[in-house]
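Descriptive structure summary
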Amino acid sequence: MSRIFLYLLIPACLFANLPRLAGAAEMLPLAETMQRDAALISVDFVDTHHGWAVGHRGTIWHTGDGGQSWQLQNSGTPAILSSVSFADTQRGWAVGGKSVPYTRRSEAVILRTLDGGSTWNVVAAPTLPRLIYVKFFDAAHGVVVGESTAMYPSGTFKTDDGGLSWTALSSTAAHQWRAAVFTSPENGVLVDQQGAWAQYDGSQIELGRFASETAAPTFAIAMSDDLNGWRVGGGSLMQTTRDGGTTWQTPAELPLSQAASRLFDATAVATVGSHVWIAGAPGTRVFHSGNGGQSWQPSATSIRTPLRALKFIDERHGWAVGELGTIVATVDGGMTWTTQRRGGESAAVWLATPASTMPPLELVAHMAAADGLFVASDNLLPRKAPLGEQRSQVEALVECGGTSSTHAWQFELNQQEQSSDSAQMLLELLNNRSDGEAAEWLLQRASMQLLMWRPSVVVIPHPTDEPTPGADQLIQQVVEQAIELCRSRGIDELGLTPITVKRVVGLLGGGRQGTIVVPTSEFASTLSTTPEEYASVARGLVATEHTTPPPFVALELIDQQSGLAAPRRDVTTGLFFAPGGGTRRITSAAPIGNLQELKMLAQRRKHLVRLLDYSESNPGWSAQVVNMTGGLSPEAGGQLMFQLAEGYRETGRLDLAADTYYLLAHRYPNHPLVEKSLAWLIHYYSSSEIAHVSSMATTDRVDTRPLANMAAPSLPTASLANPEGQTSGLKREDRFERARQLGEYIRQARPALAAEPQLGTALAVAQRGRGFAADADRFFLVLGKSSADEAWRRVARTERWLAEPTPAPPDKSIATCKFVGTRPHLDGQLDDETWTKARVVRMVSKANSLETKVWFASDAEFMYIAAACPRGYTTEVALPDATQ
């Protein structure tokens, strides 16, 4: 008994002397514990007492006393909430979104409350994309802004019934909006990923000119009325408008040196009359102007981590929110700031992300979710990517328990540049873009991240093979220099003091062994599963194809303080991070009674994953492996079944893949991977080419119904019927009929997926194959005149032309395929008769002018395609108008 007593007593003594963070968790479920340090990215107050702040992990905080106390409200969603707006103290809305695994598609989340947030209800908006902004002007009229999609190029919607229904606003073009502000239902200003501005005048969104020549992104906009407003962004970017966004001027600069100015990212702005406040990263300073930007006065906060949003209710009362659940407030117009709550102070671990990839998500899940450490990451040399993809990367890190994921907008690289194997050549390229200052800029950026997050452990790329990515080499060199520099130098102007990193470890790739091996397939009681399984959904948010991660992450110890033991299975070995003490959340294990059962299931799943890896999807026995998933959770069982289906697909057993995808959707209708499976099935059954190939195939196959004995759980109203028969041997018309049936199910159960033009196009082709040409023509007629972007309208017009050719070709690039009568020798040389006689098409990348050559040829049975692509080639290409 004494040993048990001491075990309980010692932690109590330790915790009693630790500084208590506002809102610190006691012993709560993991999801709620992580909400208490979740980043906050929007805040709204209706008066000096009633306010709400929202952010990552579906977090909603509410105060009714001006922030003296904050209460966590139940949002009912784990999705990232990006914006909140209240019409009065009772009626409010919060919006955000989530990515659909493996699809590069997003879905909106809209929440509504009529009782001040005591209860939040989901508003059905099944076809809307992820949303980044909401504003309600009264209880009925509001607007939301989100990502552009093929069906909704404007990405902007309005409501006249309190958000129960939404109407898309028209736009002159599709844009990926980064920020927006509306002062009325008829007046709004938006900015896109490229920095171009647009205005909404009550009829449509019209793109204006670029606001400035700078490449710095805009992060936030604020308008004090219809005409006067501000935009702020990277590198202290700051401009003001006096005519509603038609023209923009640069006011007096912030009181910072040139070096500090380009390091400070202005991520939040608020304005009341002639008063303007600006905050950002780091969160150590808030800048205030009382004369419309003619002069600025900085004020200090006690916060280092980034601030993400500002709200002032009048000239004196304001709030700022940011990373780690931070809320600070002022009652004197921003002269002084008081911390009202925060869930943490700094990061225990900082990851310098490998240039072309996300950090190993299983490692993040191990450190952040299982161990409760605050983990921040930054990509110093990121790949140029659409905003939606960048948001999915943030979502993936948050899904694994991570704190913050950012990237250096100053140093974005295209695909070819990232593939360079020379750090020196890459640095020269960056120098050409920055007047020879790239090395200094990179060093300053890395230093500020370290000074801001103040980690004990830094993880960096550690390439050791030849050739190694030049970008990763450069990141390693820069971060190691920054670590040394930060020991003696801070950034006084921004209130950042020197730090000493206690340990530096290098991240190895390619399955190499290191001195540190972090297991990710071992059971973690705080997760009730393994880090590998915990991160499985997150992997799908940043990938388009399923892959099985290795059971461990290999790292190499590079440097550490003297006296520390060498780590072997954990990067934090020998370092103490007090739970609830500023760098680590308080975590709790699953109930003792469930631990043994959960461990057994996790071990079982681990074995099944490895067996499937080595089976090469052999239908003779892998079906038995899947039959063993009966005791697993729906999440784990669905993941395994998807893995089996992918294995079938990759090895060319498409009929087996189809049966397995179908049964996955039937057995686990709500699994995150079902949408990817259904989309594949629609294209598979709609394909005339697949139908043709299948009709020529032999019928002496292995049994293709290995999963028929699997019981299905209770299904939702729109349920997927039990499969009748097997895919193998289906006649052409039966395949098209199965596509139609799947389409009907998707329209009922997953209307957002059904609204995608690529799915509708495949179904229309299937209808044409069934003999219902009028139905297909009707779909393409509507698509050609819809709000879909121009690319899909061209597809619709082309499909109608293919059905009934006219002398005038469609307005789409055309390439001819020459009949050569000979089969090619597949040796990659492209010098045999097939290719020398074939037609060649030259395609030029819009991004970097690189040329790719594509050959088309055919014989009596097959069409042959070959391509010669330069290394690092990007797929954004432009065909000539026609190739004869």
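Procedures and definitions
- Residues numbered from 1 in each chain as written.
- Predicted model: local features only at pLDDT ≥ 70, side-chain atom pairs only at ≥ 80, totals over all residues.
- Heavy atoms only, no water.
- Helix = DSSP H or I, 4+ residues; strand = E, 2+ residues; numbered from the N terminus.
- Buried < 20%, exposed > 50% of the residue type's maximum accessible area, 1.4 Å probe, protein only.
- Areas by Shrake-Rupley, 256 points an atom, 1.4 Å probe, with all protein chains shown as cover.
- Polar contact = N/O pair within 3.5 Å; in protein donor to acceptor, adjacent residues only side chain to side chain.
- Phe/Tyr/Trp six-rings, centres within 6.5 Å; stacked < 30°, edge-to-face > 60°.
- Lys NZ or Arg CZ within 6 Å of the ring centre and 35° of its normal.
- Core = buried A, V, L, I, M, F, W, Y, C linked by side-chain atoms within 4.5 Å.
- Salt bridge = Lys/Arg side-chain N within 4 Å of Asp/Glu carboxyl O.
- Axes fitted to C-alpha atoms, helices over the stretch in contact; angles between N-to-C directions.
- Parallel < 35°, antiparallel > 145°, perpendicular 65-115°, else oblique.
- Contact = heavy atoms within 4.5 Å.
- Nonpolar A, V, L, I, M, F, W, Y, C, P; charged D, E, K, R; others polar.
- Expected span 1.5 Å × (residues − 1).
- Arc of directions from axis to C-beta.
- Pairing = 2+ DSSP bridges.
- Left-handed = near helix turned anticlockwise from the far one by under 90°.

A few words on the overall build of the protein chain. When you go through the protein chain residue by residue, the secondary structure sums to 23 helices and 42 strands. Within the protein chain, the fraction of its 884 residues that count as buried is 54%. Summing over all exposed atoms, the protein chain offers an accessible surface of approximately 37400 Å²; the carbon and sulfur share of this is 52%.

Attention now goes to the side chain of R105. The topology assignment puts R105 in strand β7 (residues 105–113). Separated by 2.2 Å, the side chains of R105 and E675 make a polar contact.

With that out of the way, let us pick up the packing of aromatic side chains. What the rule picks out here adds up to 21 aromatic pairs. Aromatic pair W277 and F312: ring centres 3.6 Å apart, planes at 10°, arrangement stacked. Of the two residues, W277 is situated in strand β22 (residues 275–281) and F312 in strand β25 (residues 307–312); the sequence distance between them amounts to 35 residues. We note that W277, like F312, is buried. Plain terms: the ring middles of F779 and F780 are 5.3 Å apart, the flat faces sit at 70° to each other, and that makes the pair edge-to-face. Over the aromatic face of W61 sits the side chain of R341, whose NZ or CZ is 3.9 Å from the ring centroid. In this arrangement the basic side chain of R735 is found over the ring face of Y684, its NZ or CZ atom lying 4.6 Å from the centre.

This next bit is on the nonpolar core. If you look at the biggest cluster of nonpolar residues, it comprises 58 residues, and the most contacted ones within it are I278, L381, L442, L474 and V479. Counting residues per element, this core draws most heavily on helix α8 (residues 438–453), which supplies 9 residues. F642, Y662, L730 and L759 belong to the second-largest nonpolar core, a separate cluster that totals 33 residues.

Further remarks concern the pattern of salt bridges. On inspection of all chains with the given rule, the structure shows 35 salt bridges. Close ionic contact of K837 with E833 constitutes a salt bridge, the shortest N to O distance being 2.5 Å. Here the residue K837 and the residue E833 both occupy positions in helix α23 (residues 833–837), the gap between them amounting to 4 residues, near one helical turn. Within this structure, R105, E107, E675 and R750 form a network of salt bridges that share partners.

Two elements in contact, helix α20 (residues 757–769) and helix α22 (residues 790–803), have axes whose closest approach is 11 Å; the angle formed by their N-to-C orientations is 10°. Considering their axes alone, α20 and α22 lie roughly parallel with respect to each other. The residues of α22 that touch α20, namely those facing P757, Q758, T761, V765 and R768, are W792, V795, E799 and A803. Residues of the contact of α20 with α22, tallied by class, amount to 5 nonpolar, 2 polar and 2 charged.

Attention shifts here to α22. Over its 14 residues, α22 extends 20 Å from the first C-alpha to the last, a length consistent with the 20 Å expected when each residue adds 1.5 Å. Taken together, the buried positions of α22 are occupied by V795, A796, T798 and E799. The buried side chains of α22 occupy one side of the element, clustering within an arc of 165° when seen end-on.

Our focus in this paragraph is the sheet that holds strand β5 (residues 80–86). As summarised here, the arrangement of the 4 strands in space is β5-β6-β7-β8, forming an open sheet in which the pairing is antiparallel. Edge positions in the sheet fall to β5 and β8 (121–122), since each has one partner strand and no second. Here β5 pairs with strand β6 (residues 92–100) via 6 bridges, running antiparallel. Across the sheet, the residue bridging to I80 is G97, located in β6.

What follows covers the pairing of strand β11 (residues 156–159). Two elements, strand β10 (residues 142–146) and β11, share 4 bridges in a ladder whose sense is antiparallel. Counterpart to V144 in the pairing with β11 is F157. As judged from the 2 bridges shared by β11 and strand β12 (residues 167–168), these two strands associate in the antiparallel manner. Considered in β12, the bridge of K158 is made with T167.

When two helices pack together, their arrangement is captured by the angle between the axes and the distance separating the axes. Axis separation between helix α16 (residues 674–686) and α20 bottoms out at 9 Å; the angle between their running directions is 30°. When the axes of α16 and α20 are compared, the pair comes out roughly parallel. Along this stretch, α16 crosses α20, giving a crossing that reads as left-handed. Counted together, A679, I682, H683 and S686 of α16 and Q758, L759, A762, L763, V765 and A766 of α20 form the full contact between these two elements. Here the residues of the contact of α16 with α20 are counted per class, giving 7 nonpolar, 3 polar and no charged.

What follows deals with the sheet that holds strand β24 (residues 297–300). The strand order β21-β22-β23-β24 describes an open sheet built from 4 strands, whose pairing is antiparallel. Each end of this open sheet is capped by a strand with a single partner; those strands are β21 (265–272) and β24. Averaged over all adjacent pairs, the angle separating strand axes in this sheet is 25°, with direction ignored. Two elements, β21 and β22, share 7 bridges in a ladder whose sense is antiparallel. Looking at the pairing, A268 lines up with A279 of β22.

Looking at the secondary structure, you find F86 in strand β5. For the pair F86 and G116, spaced 30 residues apart in sequence, the C-alpha separation works out to 8.8 Å. The residues touching F86, leaving out its near neighbours within four places in the chain, are D44, V46, W52, R91, G92, T113, G116 and W120.

A separate point is helix α9 (residues 470–486). Relative to the 24 Å expected for 17 residues at 1.5 Å per residue, α9 spans 24 Å between its end C-alpha atoms, a close match to the ideal helical length. Burial within α9 is extensive, with 12 of its 17 residues counted as buried. Taken as a whole, α9 has its buried residues at G470, A471, D472, Q473, L474, I475, Q476, V478, V479, A482, I483 and C486.

With that settled, the discussion passes to the pairing of strand β33 (residues 503–507). The two faces of the sheet receive side chains in turn, since in a regular strand these alternate between them. Judged by how many residues are buried, β33 sits mostly within the fold: 5 of 5 residues are covered. Here β33 shows no split at all, with R503, V505 and L507 on one side and V504 and G506 on the other all buried.

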